[in-house]
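Remarks on the overall topology
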Amino acid sequence: MIRRLMKTLVGAAVLAAFAGGVVAQDSKVADELAKYREALADGNPADLLEVKGEGLWAEKRGPKNASLEKCDLGQGPGKLEGAYAALPKYFKDTNKVMDVESRLVHCMVTLQGFTQAEVTKQWFSRPGKESDIEALVTFIGAKSNGMKINAPATHPEEARMAKMGEYIFYRRSGPQDFSCSICHGQEGKRIRLQELGNLTTKEGAGFAMKTWPSYRVSQGAVWTMQRRLIDCMRQARWPEPAYLADSIVALETYLQKTATGTVMETPGIKR
Amino acid sequence: MGNPMKIRAASKDGVTEVKVLVSHEMETGQRKDAAGAIVPAWFITELVAKHGDKVVLTSDFGPSVSKNPYLAFKFKGGAKGEKVTVTWKDNKGDSRTDEAAIN
Amino acid sequence: MNNQRRTVLKSGSGAALLGMLAAAGIITPGMALADWNKAAFDAKSMADTLKALGVAGTTDSKDVQVTGPDIAENGAVVPVGVASTLPNVTMVAILIEKNPNALAASFVLPEGTEANVQTRVKMGQTSNIYALVKSDGKFFMATKEIKVTLGGCGG
């Protein structure tokens, strides 16, 4: 234990010494990275998926040969404007707090007659294997672009989920005894060149939440919030939750609550 | 066949600027899958843009053009409402054509 | 498919043969018209690429610009552009010195199309990017280094 602590302290000292040299170049690097991101913003490949999602939304599909145009994402059947920005939300018909993805899957099952397994089989894309969910979520997200995130978690069930999400955010777990808050609970942290947002403030959570779903150039794919958070857990060496797990919806509810009031800029484009 | 392209064309001061986003894997042929097998090359080789019947750009791509290729260029002429057509072909012989009206 | 086409084209000539092949469904008319320069895209070094493109010699020119960020956060998508104020530009090409194959893309610009093309390329590592421009039948070049960082986690 003491040896491990010593190792950590030496490591920290080396890092601190190294950081001194890096700081001088920080602003130039940041400027150039900003230029890089700006150059990608015009012509976001996510736009291709948005068009595809629009088509899928209106297309009659599944055993019931129905479109998703009657899907209620919380603003009434077929009402898409602002729906994404107001999720996760408590739904009476399922007696559950649902995020955009769990609600979308619910619609595909109830309206179109697919089984849950069919719908979620390709919940994210791989090269050559497209994901309908990615396309639909990109389309739905874009319908909230320019609108304020409005998920204050006022319903008791929503408040309970937000509380649970907050608990998970701070809970240290896994072989590295890691929590979300270790990287995302303070200002001015970064891993190599990646700045890490402080997700405990409105600014930090807002900056993160407003841009999802987002095209990740490193993956060549749009990532949904579910994928983002499940992968965060993998990176923290936690056991990966299942797609649409309550723990993920809880984290989303907590983050959206913190981000409430921030204007959506989606689909985003990221490293 | 692939998914639809996104083509934007805007005319200003007698010059039309065209921006094209193409949905394509652009697989290099140098990547290995989880089993260690080479993922075969699959990429757009040619992309031709036309204003009406006139070719305004011919592009030859190699596999190092990024996935979901982006292309922006400008040509003289082009009036609002006129058509810009883009056609691509890939190394597997697949192709696709989409068009957009100039704004 | 491409190899086959090339062999066939080498062994025969003339529109009649192309027509026959098109009719037989071996090639489509569109494919026969365009001439994807396999030798240039297969070439590894800058020198071999230029040779395959039929470039005997180039002149460095301040009238050719390579645009792009100094640092790219991810080598999979690096925005690059070529612009030139030289007259009668009929061709531009983008070459990445340290990629396995240097040539990324080449463009034929008919009269009326401006010498200003932007695209996005993959870069395996930090490298010089070269813009090759053909103006009045002569070749000109410019270069810019783009650093590639592959970053950590997050996003």
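Every chain is numbered independently, its residues counted from 1 as its sequence is written. Think of it this way: whatever chain is written first is A, whatever ligand is written first is 1, and the rest follow in order. With pLDDT at 70 or above as the cut-off, local features in this predicted model cover only qualifying residues; side-chain atom pairs require 80 or more to be listed or tallied, and sums for whole chains, interfaces and linings still use all residues.

1. Let's talk about the overall build of chain A
- When its secondary structure is counted, chain A shows 10 helices and seven strands.
- At 20 Å, chain A has a C-alpha radius of gyration in line with the 18 Å of a compact globule built from 271 residues.
- Principal-axis analysis of the C-alpha atoms gives chain A an extent of 65 × 40 × 35 Å.
- Evaluated residue by residue, chain A yields a buried proportion of 42% over its 271 residues.
- Considering only intrachain contacts with a sequence separation of at least 6, the fraction spanning at least 24 residues in chain A is 68%. Only DSSP runs of H or I with at least four residues qualify as helices, and only runs of E with at least two residues qualify as strands; both kinds are numbered from the N terminus onward. Radius of gyration means the value over C-alpha atoms here, while the globule rule gives 2.2 Å times the residue count to the 0.38 power. We call a residue exposed when 12 or fewer other C-beta atoms sit within 10 Å of its C-beta, buried when the count reaches 20 or more, and partly exposed for counts in between; the C-beta positions come from the backbone. It is the C-beta atoms, placed from the backbone, that decide contacts: two residues are in contact if theirs lie within 7 Å.

2. A short note on the domain arrangement of chain A
Residues and elements named next belong to chain A.
- What the domain assignment lists for chain A is domain 1 (46–142) and domain 2 (150–270).
- These domain limits were set by an automatic method or by a database of domain assignments. Inter-centroid distance (C-alpha atoms) of domain 1 to domain 2 is 21 Å.
- In this assembly, 24 residues from domain 1 lie in contact with 24 residues from domain 2.
- Counting only elements with at least two residues in the side of domain 1 that touches domain 2, the list comes to α2 (46–58), β1 (89–91), β2 (96–98), α3 (100–110) and α5 (132–142).
- Here the side of domain 1 that touches domain 2 gets five residues from one element, more than from any other, and that element is α5.

3. Section: the interface of chain A and chain C
- Listed per partner, the contact involves 19 residues of chain A and 15 residues of chain C.
- Of all the elements in the fold, those that place two or more residues in the side of chain A that touches chain C are α1 (2–41) and β4 (194–196) of chain A.
- Per element, the largest residue contribution to the side of chain A that touches chain C is seven residues, and it comes from α1(A).
- All residues other than Ala, Val, Leu, Ile, Met, Phe, Trp, Tyr, Cys, Pro, Asp, Glu, Lys and Arg, Gly among them, are scored as polar; the first ten of these are nonpolar and the last four charged. For the side of chain A that touches chain C, the residue count by class is nine nonpolar, four polar and six charged.

4. Quick notes on the confidence of the model for chain B
- Summary statistics for chain B give a mean pLDDT of 94 and a share of 99% for residues scoring 70 or more.
- With a pTM of 0.78, the predicted complex shows an ipTM of 0.95. pLDDT expresses how confident the predictor is about each individual residue, on a scale running from 0 to 100.

5. What about unusual backbone geometry?
All names here are of chain A.
- A cis amide bond links Leu87 to the next residue, Pro88, at an omega of 0°.
- Looking at the secondary structure, you find Pro88 in the loop between α2 and β1.
- The omega torsion of the bond from Trp212 to Pro213 falls at 0°, within 30 degrees of zero and hence cis.
- By the element assignment, Pro213 lies in the loop between α8 (202–209) and β5 (214–216).
- The residue Ala153 is not glycine, and still its phi comes out positive at about 55°.
- Secondary-structure assignment places Ala153 in the loop between α5 and α6 (156–170).
- The phi angle at Arg237 is positive, at roughly 65°, despite the residue not being glycine.
- You can see Arg237 is positioned in the loop between α9 (225–235) and α10 (246–259).

6. What to know about α5(A)
Residue and element names in this part refer to chain A.
- Most of α5 sits out of view: 11 of its 11 residues are buried.
- Buried within α5 are the following residues: Asp132, Ile133, Glu134, Ala135, Leu136, Val137, Thr138, Phe139, Ile140, Gly141 and Ala142.
- Turning to α5, the residues buried within the fold contact α2, α3 and β6 (221–223).

7. Observations concerning the interface of chain B and chain C
- Counting from both sides, the interface comprises 26 residues of chain B and, opposite them, 32 residues of chain C.
- Elements that contribute at least two residues to the side of chain B that touches chain C include exactly β3 (44–51), β4 (54–61) and β5 (70–76) of chain B.
- Here the residues of the side of chain B that touches chain C sort into 11 nonpolar, 10 polar and five charged.
- Strands qualify as paired when DSSP identifies two bridges or more between them. As defined by bridge partners, β5(B) adjoins strand β7 (residues 116–121) of chain C across two bridges and the pair is classed as antiparallel. Among the inter-strand pairings, Ala72(B) is bridged to a residue of β7(C), identified as Gln118(C).

8. Focus on the environment of Thr200(A)
Residue and element names in this part refer to chain A.
- Mapped onto the elements of the fold, Thr200 is located in the loop between β4 and α8.
- By the C-beta count within 10 Å, which is 19 here, Thr200 ends up partly exposed.
- For the pair formed by Thr200 and Gln112, sequence separation is 88 residues and the distance between their alpha carbons is 39 Å.

9. Remarks on the packing of α3(A) against α5(A)
All names here are of chain A.
- Axes here refer to lines fitted to C-alpha atoms; in helices the fit is confined to the stretch in contact. Angles between the N-to-C directions go from 0 to 180 degrees. Orientation of α3 relative to α5, taken along the N-to-C sense of each, is 115°, at an axis distance of 11 Å. Handedness of the crossing formed by α3 with α5: right-handed. For the pair α3 and α5, the contacting residues are Val100, Glu101 and Leu104 in the first and Ile133, Leu136, Val137 and Ile140 in the second.
- Here the residues of the contact of α3 with α5 are counted per class, giving six nonpolar, no polar and one charged. In this scheme the handedness of a crossing depends on how the near helix is turned from the far one: anticlockwise by less than a right angle means left-handed, clockwise means right-handed.

10. Remarks on the sheet that holds β5(A)
Residues and elements named next belong to chain A.
- The strand order across the open sheet built from three strands is β6-β5-β7, with neighbouring strands paired in mixed fashion. Looking at which strands have only one partner, the edges of the open sheet turn out to be β6 and β7 (268–270). For this sheet, the mean inter-axis angle between neighbouring strands, taken without regard to orientation, is 35°.
- Here three bridges tie β5 to β6, and the two strands are oriented antiparallel to one another. Paired with Arg216 across the bridge in β6 is Ala221.

11. Focus: the nonpolar core
- Ile140(A), Val92(C), Ile94(C), Leu95(C), Ala131(C) and Val133(C) are the most contacted members of the largest nonpolar core, which totals 126 residues.
- The contacts of Leu95(C), once residues within four sequence positions are left out, are Met46(C), Thr49(C), Ala102(C), Leu103(C), Ala104(C), Tyr130(C) and Leu132(C). Take the buried Ala, Val, Leu, Ile, Met, Phe, Trp, Tyr and Cys residues, join any whose C-beta atoms are within 7 Å, and the set you get is a nonpolar core.

12. Some points on the sheet that holds β5(B)
- The strand order β1(B)-β2(B)-β5(B)-β7(C)-β4(C)-β2(C) describes an open sheet built from six strands, whose pairing is antiparallel. With partners counted over all chains shown, the strands left at the sheet margins are β1 (6–12) of chain B together with β2 (64–67) of chain C, one partner each. Neighbour to neighbour, the strand axes of the sheet diverge by 15° on average, direction disregarded.
- Two elements, strand β2 (residues 15–21) of chain B and β5(B), share seven bridges in a ladder whose sense is antiparallel. Paired with Leu21(B) across the two strands is Tyr70(B), which belongs to β5(B).

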